[in-house]
Structures are given as C-alpha cells and as structure tokens.
Amino acid sequence: MTYAQRADQFRALHRTGEPLLLPNAWDHASAAALAHGGFPAIGTTSLGVAAAAGKADAMGGTREETLRLARGLARLPALITVDIEGGFGERPQEVAALAAELVRAGVVGVNIEDGRPDGTLADTAVTCELIRAVKETAPDLFVNARTDTYWLHAGGEGETERRADAYRQAGADGLFVPGLQDEKVIAGLVEGMADVPLNILFASGALTYRRLAELGVRRVSSGSLLFRAALHGAVEAARSIAGGLAVPDGMPSYADAQALSAAYGKGD
C-alpha cells in the first residue's frame, strides 16, 4: 500500500459510522500491544513520550525522542499519528521540515497545538502559518489542529470557534479541543465545521464515547490516560506483592510481552 493510500485510509476512519477511537502510546511496546489489540490507528501521547525520557511535557524538548519513536511505530500494522506539541520549532520551515521527516517515516498524521508552556495561547496567525507550512510541504499528512482554549482556560467567549475556523481555513484536516465537555459547544462546533472532523479528549467520569458519538464527534482520543493507567497499575502490582495480595489477572505473560517485538519485523 502506498503512503497516499494509507493517508486516505486514515482520513476515512474519521468518516465511518462510529468515531475513531484513537488510543495513545508512549513507547514501542505500548504501541505494539495496541496494534495487537486490534486498533487500526494509534497516536502518541506527548506526556508519555516526555516522561519516559525524563523530560517535561509541552516544553518543546522532545523532538528527537518523538521522531525516533515515530520511525519505529510507522513499521507497525497500524496507522500512526504523532503529537508534535507546538511543532518543535519557532519557524514555519522548521516545523515543515519535521513534517517531511515524519512522512518519510510513514506517519500519516500529526497533532499541533496552540498552547504554550507559559499557559498562554499562541497568536492565531502564528499557528495558521505553521499549519500552512506543514500542508504545503506534506499535503497528504492529516493535520489535527489542537486549540487549548478549554485546556488552559484561556481566551474569551467565542475564542474556540474563532480559532477553529481560522485553522480550518489554513488547511487543518481536523480540530482537537481537549478539555471540552460542554455538549452545547460540542454540537455547535460539529454543526459549524461539518467538513472538518472534531476530536475530543476522553475524560473519565465525563461524556462517554457513546454520548460523544451522538453529538457528532468524529474522533475520541485517550491522551495520556493509558500511560497514567500503566503507571498506576505498576505501582498497585508492587503494593500487592508487598501486601501478600494477588496481582490482577489477565496480564500479558513474559512470552506475550517478548512477542510484541515481532510486530516491528526485521527493522532496526
């Protein structure tokens, strides 16, 4: 299958009868396990990638780790989209160069966000310039434009809609609004941007996958949830051992975990 065919396949996953449930991996093993679990598309979580490298999330310091991981994940029997934070570069040409490298690796999508490390939002025009640069360099790459208006509680009334429209006009293929759980706002975005699929971050105890589907959401991401669940599970398993309790059933065996490497074939 050619790159263009895989990119089209990824786009099509946003237009099926159900929203694309996108689990987010943080390393080769977690991605291979998700692919083995039957998920056709897998994203990366910037928090998980950064934390696994001993770095802070959203600070722009994990470009090389992200690229190295992406090159490996693209060998999996799944479609891969990568979180590139704010683009890992200040200049459009730097972000476009990263996009070109990801395409060469076989990655079919990216998330690019307008939130900044100081808790503010990037100027809309700056983010639009980055989106345009990426699309000009890698037209088949699915650009999921993330606005952090709700995540950072930044911007006034109507700011989400304004940025969404600007990013769509700049060429974004999808819109991601993490932290948004207001049904009225979600329905309004779906109606106002029918040609651009809306991505919502799943939040435990909030809107369910089924309810998000009913509202017209086309993509539901797990974000850092799976990474945090894995950390929690590891600590709880250790405590169970110390407390003389049984560890949870259903965990992969040593052989199961070892076999995950086979998903990567004979590559480096």
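Residues numbered from 1 in each chain as written. Predicted model: local features only at pLDDT ≥ 70, side-chain atom pairs only at ≥ 80, totals over all residues. Heavy atoms only, no water.

**Focus: the overall build of the protein chain**
So, point 1. Looking only at helices and strands, the protein chain features eleven helices and nine strands.
So, point 2. In terms of C-alpha radius of gyration, the protein chain reaches 18 Å, essentially the compact-globule figure of 18 Å for 268 residues.
So, point 3. By principal-axis analysis of the C-alpha atoms, the protein chain measures approximately 55 × 40 × 40 Å.
So, point 4. Classification of the 268 residues of the protein chain by burial places 48% in the buried group.
So, point 5. Of all intrachain contacts in the protein chain linking residues separated by at least 6 positions in sequence, the fraction that spans at least 24 positions is 69%.
So, point 6. Carbon and sulfur atoms make up 55% of the accessible area of the protein chain, which amounts to about 12800 Å² in all. (Helix = DSSP H or I, 4+ residues; strand = E, 2+ residues; numbered from the N terminus. Rg over C-alpha atoms; globule rule 2.2 N^0.38 Å. Buried < 20%, exposed > 50% of the residue type's maximum accessible area, 1.4 Å probe, protein only. Contact = heavy atoms within 4.5 Å. Areas by Shrake-Rupley, 256 points an atom, 1.4 Å probe, with all protein chains shown as cover.)

**Examining the environment of A105**
So, point 1. Position of A105 among the secondary structure elements: in helix 5 (residues 92-105).
So, point 2. Here A105 falls in the partly exposed class, since its relative accessible area comes to 23%.
So, point 3. Distance from A105 to A70, taken between C-alpha atoms, is 7.2 Å for residues 35 residues apart in sequence.
So, point 4. Not counting chain neighbours up to four residues away, the residues in contact with A105 comprise R71 and A74.

**Quick notes on the sheet that holds strand 8 (residues 198-201)**
So, point 1. Pairing within the open sheet is parallel, and its nine strands lie in the order 1-9-8-7-6-5-4-3-2. The open sheet has two edge strands with one neighbour each: strand 1 (20-22) and strand 2 (24-25).
So, point 2. By the bridge criterion, two bridges tie strand 2 to strand 3 (residues 41-44) in an arrangement that is parallel. Directly across from N24, in strand 3, lies its bridge partner G43.
So, point 3. Helix 6 (residues 124-137) contacts strand 5 (109-113) and strand 6 (142-146) of the sheet and is inclined by roughly 170 degrees relative to strand 6. (Pairing = 2+ DSSP bridges. Axes fitted to C-alpha atoms, helices over the stretch in contact; angles between N-to-C directions.)

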